[in-house]
Each structure stands twice: as structure tokens, then as C-alpha cells.
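Here's the letter readout for the chains.
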Amino acid sequence: MKKTLALILAACMSLSLVACGGGNSSTPNNGSQAGTSQPASSQPSTGGDTSAKTVGISMPTKSLERWNRDGAYLDEQFKAAGYNTIVTYSDNKNEQQVNDIQNMLSQGVDLLIIAAIDGNGLNTVMNDAGAAGIPVIAYDRLIMNDNSSYYVSFDNYTVGKLQGEYVRDALQLDSAAGPFNMEFTAGDPADNNAGYFFNGAMDVMKPYIDSGKVIVKSGQTAFDQVATDQWQTDVALDRAQNVLASYYSDGSQLDAWLCSNDSTSLGVTQAITQDYAGSNSVVITGQDGDEANLRNIKDGTQSMTVYKAVANEAVVTLDLAKAILNGDTIDASLISASGWSFDCAYDTDSYETTPGNKCPSFLLVPDVVTADNMEEKLVTPGYYTVGDDGYLKATNG
Ligand code: GAL
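From a predicted model like this one, the values you see are computed outputs, not experimental measurements.

**Student:** Explain the overall build of the protein here, please?
**Tutor:** Each helix and strand in the protein was counted, giving 13 helices and 18 strands. Counting the 397 residues in the protein, one finds 55% classified as buried. For the protein, the share of sequence-separated contacts (at least 6 apart) that also reach a separation of at least 24 residues comes to 71%. Per element, the accessible surface of the protein, about 15,500 Å² overall, is 47% carbon and sulfur.

**Student:** Would you take a moment to explain the packing of helix H3 (residues 94-106) against helix H4 (residues 123-131) for this structure?
**Tutor:** The description of two helices packed together rests on the angle between their axes and the distance between the axes. The contact between H3 and H4 brings their axes to 9 Å, and the two run at 15°. Compared by their axis directions, H3 and H4 come out roughly parallel. With respect to the hand of their crossing, H3 and H4 are arranged in left-handed fashion. Judged by residue contacts, Val98, Ile101, Gln102 and Leu105 of H3 engage Val125, Asp128 and Ala129 from H4. Classifying every residue of the contact of H3 with H4 gives five nonpolar, one polar and one charged.

**Student:** Please explain the pattern of salt bridges as it appears in this structure.
**Tutor:** Note that side chains of opposite charge can pair when their charged atoms are close. Evaluated as defined, the whole model comprises 17 salt bridges. Between lysine 217 and aspartate 250 there is a salt bridge, and its shortest N-O distance comes to 3.5 Å. Taken together, the residues lysine 217 in the loop between strand S8 (214-215) and helix H7 (223-226) and aspartate 250 in the loop between helix H8 (233-248) and strand S9 (256-259) connect sequence positions 33 residues apart. Salt-bridge contacts for aspartate 389 lead to lysine 393; the nearest nitrogen and oxygen are separated by 3.3 Å. The exposure class assigned to aspartate 389 is partly exposed, which follows from its relative accessible area of 41%. Owing to a relative accessible area of 29%, lysine 393 belongs among the partly exposed residues under this scheme. Through salt bridges that share partners, Arg66, Asp70, Asp140 and Glu313 make up one connected network.

**Student:** Explain the packing of aromatic side chains to me, please; I cannot follow it from the model alone.
**Tutor:** Aromatic ring pairs: the centre-centre distance and the angle between the two ring planes describe each pair. For the structure shown, the criterion picks out ten aromatic pairs. Aromatic ring contacts, followed pair by pair, group Tyr151, Tyr196 and Tyr351 into a single cluster. A cation sits over an aromatic face here: arginine 66 above tryptophan 67, 4.2 Å from the ring centre. When the ring centre of tyrosine 248 is taken as reference, the NZ or CZ atom of lysine 217 above it lies at 5.7 Å.

**Student:** Sorry if this is basic, but what is going on with the sheet that holds strand S10 (residues 283-284) here?
**Tutor:** One open sheet accounts for four strands, arranged S8-S7-S9-S10; its pairing is parallel. Where the open sheet ends on each side, the last strands, each with one partner, are S8 and S10. Where strand S7 (residues 180-185) lies against S8, two bridges are found, and the strand directions are parallel. Along S8, the bridge assignment pairs asparagine 181 with isoleucine 215. Strand contacts of helix H6 (residues 192-211): S7, S8 and S9, with the helix running at about 160° to S7, the strand carrying the most contacts. In the packing of helix H9 (residues 262-275) onto the sheet, contacts are made with S7, S9 and S10, and the angle to S9 comes to roughly 155°.

**Student:** It is not clear to me how helix H10 (residues 291-299) should be interpreted in this structure. Could you clarify?
**Tutor:** All buried positions along H10 are accounted for by Asn293, Leu294, Asn296 and Ile297. One face of H10 carries all of its buried residues, which in axial projection span an arc of 155°. Close packing links the buried residues of H10 with H9, strand S11 (304-307), strand S16 (367-370), helix H13 (374-379), strand S17 (384-386) and strand S18 (392-394). Once H10 ends, the next one or two residues include glycine 300, with phi positive near 90°.

**Student:** Looking at this structure, how should I read the confidence of the model for the protein?
**Tutor:** Do not read the fine detail of predicted coordinates wherever pLDDT is low. Confidence in the prediction for the protein averages 89 pLDDT; 87% of positions are at 70 or higher. Mean pLDDT per element in the protein: helix H1 (residues 2-21) is the minimum at 37, and S9 is the maximum at 99. In this model residues 1-48 is a low-confidence stretch, pLDDT under 50, and it forms 92 contacts with partners more than four residues away in sequence or in other chains.

**Student:** Help me understand the pairing of S11, please; the structure alone is not making it clear to me.
**Tutor:** In the case of a regular strand, side chains alternate between the two sheet surfaces. Judged by which residues are buried, S11 turns out to be covered on both faces: Met304 and Val306 on one side and Thr305 and Tyr307 on the other are all buried. Of the pairings in the sheet, the one linking S11 to S16 comprises four bridges and is antiparallel in character. Bridge pairing links tyrosine 307 to aspartate 367 in S16.

Scoring rules and cut-offs
Residues numbered from 1 in each chain as written. Predicted model: local features only at pLDDT ≥ 70, side-chain atom pairs only at ≥ 80, totals over all residues. Heavy atoms only, no water. Helix = DSSP H or I, 4+ residues; strand = E, 2+ residues; numbered from the N terminus. Buried < 20%, exposed > 50% of the residue type's maximum accessible area, 1.4 Å probe, protein only. Contact = heavy atoms within 4.5 Å. Areas by Shrake-Rupley, 256 points an atom, 1.4 Å probe, with all protein chains shown as cover. Axes fitted to C-alpha atoms, helices over the stretch in contact; angles between N-to-C directions. Parallel < 35°, antiparallel > 145°, perpendicular 65-115°, else oblique. Left-handed = near helix turned anticlockwise from the far one by under 90°. Nonpolar A, V, L, I, M, F, W, Y, C, P; charged D, E, K, R; others polar. Salt bridge = Lys/Arg side-chain N within 4 Å of Asp/Glu carboxyl O. Phe/Tyr/Trp six-rings, centres within 6.5 Å; stacked < 30°, edge-to-face > 60°. Lys NZ or Arg CZ within 6 Å of the ring centre and 35° of its normal. Pairing = 2+ DSSP bridges. Arc of directions from axis to C-beta. pLDDT = per-residue confidence, 0-100.

Written out as C-alpha cells, the structure reads:
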């Protein structure tokens with residue numbers, strides 16, 4: 001892990017030297033900004049090798065912290081490996097992402113890396129890419145189109161399972177008398193991952209709900225009832241305020257709120273801080289290790305986050321892209337040949353783009369971060385540094 005990050009950081013440093021020497025601005029994330037659809041082309045760090053291939057990197061939005069880190073890592077690593085890159089952020093608007101990808105295709109990209117805003121919303125451009133023979137790596141979120149050549153992500157079901165297990169252990173559901181009150185907040189229905197996160201968590205909690213050890217006072221236990229459009233903090237905040245006003249203003253104790261990710265966790269935490277009358281500390285989960293949430297974890301208002309090392313997700317994506325562009329056979333041997341210092345599984349069974357059409361996947365392993373292990377999990381490997389104020393800052397993005 002340490003070794004990998006050191007390599008990435010070294011690559012980033014040499015990249016900025018090349019960029020400075022060439023008189024270019026070396027701002028990472030140099031793609032289109034929220035609200036625009038102007039892709040920014042990056043020059044290759046090889047000094048203008050015209051044979052270099054061009055990779056289009058389409059990220060969903062800058063408004064969610066993790067995608068800034070993903071975009072930066074991908075851009076830096078591909079450029080350091082000698083590729084031209086085009087990076088875009090599509091402001092969480094499906095139509096804009098369609099346009100951004102269309103532009104990449106017309107600029108002649110050799111390969112596309114796409115983190116979809118709406119996994120069902122890219123059929124036209126995906127079909128265009130397929131017709132042009134351009135391979136597509138579905139990045140982090142699966143695209144529900146058979147032209148998705150490969151999928152690189154984390155084990156999404158396990159993300160939710162880790163959140164559920166954390167709540168189970170924090171409330172000592174197997175030994176304490178209970179009952180306990182808890183609520184759920186899930187992610188964006190357009191994001192194929194969101195259902196996996198929710199199901200992983202619900203599979204842990206359901207036996208306790210069925211036995212009456214856990215009570216969901218709102219009665220909202222179905223994904224559609226607890227989903228959060230575009231993972232927005234404000235949407236999660238609104239729903240949490242409604243739930244608190246309707247079901248907890250009678251003085252009922254709220255013990256836990258399982259949130260699928262950090263942006264929704266921020267909204268729920270704010271609602272609890274402002275509107276919950278109880279004095280107990282509520283167990284709250286999250287995902288991504290966003291800086292604001294790591295701050296809340298340190299301060300004790302959020303309990304945990306599931307961290308996904310996006311720097312490593314970018315490493316897998318780069319090695320996979322190289323293999324695809326070299327015409328290599330892609331299978332589990334990519335992992336054995338890679339020398340990666342982190343775990344990754346080759347999975348040809350779990351993800352389907354359409355019924356019956358399996359998408360070969362490379363799945364990394366998520367990890368639980370709490371106040372107690374934050375430094376060991378995030379600072380020691382170099383993903384974050386400790387700022388002057390004592391809170392963690394991401395080293396990239
Ligand atoms: C998911 C992703 C999560 C989180 C969420 C909100 O697709 O896997 O890590 O970032 O989107 O953007």
C-alpha cells in the first residue's frame with residue numbers, strides 16, 4: 001500500500017515538474033467544471049509523442065468530494081504513463097455527460113473511462129463507442145449497456161455489509177436486550193451501486209428488525225423509501241428532519257442511522273445535531289472518507305466511514321487500460337502480473353449490464369475507518385495528512 005502510494009506521489013511530482021518546465025498549468029482536475037461542458041485536453045507528459053494514445057475520463061461531478069480525487073488520480077497516472085487525457089466533470093447532469101462523452105469520441109479517444117451519473121442514461125454514446133470499437137471501462141459505477149467492456153470498482157455489497165456490521169457491533173445487537181431504534185438513508189437510485197450498498201447493509205440488519213431487536217420507527221425500510229436523489233446532502237437533511245419530527249419528537253431514543261455514504265451522512269448528522277432532542281450519541285455510518293466527515297468522526301458526531309482507496313482504483317484502471325490497448329488477453333492474470341500491493345478480485349459473475357450479459361470486473365476491497373484507526377488507515381499510507389488544525393486533509397483532489 002505504502003509502496004503504491006509512494007509511486008503515485010513520485011509520479012505526480014515528476015508530472016508537475018514536466019508541466020512546469022513546459023510552461024503549462026498543472027492544475028489537476030483540469031476538465032470541464034460544473035456548469036460547463038468544455039472538455040480540457042491535457043498534453044502528454046512524454047513531450048508531444050504524437051503516437052501516444054488518448055484516454056477520455058468522464059467523471060460525474062465535482063460536487064461530491066471523492067470524484068475530485070478520482071479524476072485527479074486518473075489524470076495524473078495516465079499522463080505519467082504517457083497517455084494524452086481528456087477529463088470532464090458533468091455537473092451530475094446526464095445530458096451533459098452524454099455531450100461530454102460525445103465530444104471525446106469526436107476527438108478520437110482510444111479508450112473511455114466513465115463513472116456514470118445514470119447507469120441507464122448512456123445508451124446512445126455507449127452504442128456509438130461500441131460501433132467505433134472504442135473500449136469502455138465502467139469506473140466505480142456499472143453502466144447498464146453491453147458495450148461496457150470491463151468494470152473496475154470496489155466490492156459494493158461489502159461496503160454496505162461493513163456498515164451494517166458496524167451498527168450491529170456498536171449496539172451489541174447479539175447481546176444487549178434492546179430494542180433499539182434506527183433509520184436508514186440510501187443513495188441515488190440512478191447509481192447502480194446504491195442498491196448493492198443498501199442490500200449489503202439490510203442483509204445484516206434484517207434479522208434484527210424481523211426479531212424486533214431493532215425497530216425502524218418510520219417504517220421506511222425499502223430502498224425506494226430511503227433513497228437520496230443524486231446523493232445530495234440537502235435531500236438527506238430534509239428527509240432526516242421529517243423523520244425526526246414525525247417519529248422522534250415524542251422523546252423516543254434514536255440509536256443509529258445507517259447512511260450509505262458520507263454526503264448523505266452529513267445531512268443526517270446535521271439534522272440530528274439541530275433537531276434531535278435526545279442526549280445519547282447516535283451511531284452514524286458513511287462511506288468515502290470525505291474531509292468533512294473525517295472531521296465529524298474525530299469530533300464524535302459520525303461513527304465511521306467505509307474508505308475506498310481511490311488511488312488504487314486508479315492504478316487498477318491504468319493497468320487494465322494498458323492491457324486493453326496492448327491487445328492483451330484480460331483475465332485474472334492481470335492481477336498476478338501486476339505486483340499491486342493491495343487486494344483485488346477478478347469477478348466474472350457478479351455484475352450484469354443487461355440480463356444474462358456478465359461484465360468482467362476487477363473489485364477492490366473497502367475498509368472501515370473510525371476515530372481510533374484513522375491515522376493508521378489514512379495517514380500512514382499517505383492518503384491524507386494531518387493539518388495544522390488536527391484534522392485530516394486528502395493529499396490529492
Ligand atoms: C457511489 C460511489 C460512492 C459514493 C457515491 C456518491 O457510486 O461508489 O463511493 O461516492 O457514489 O458519489
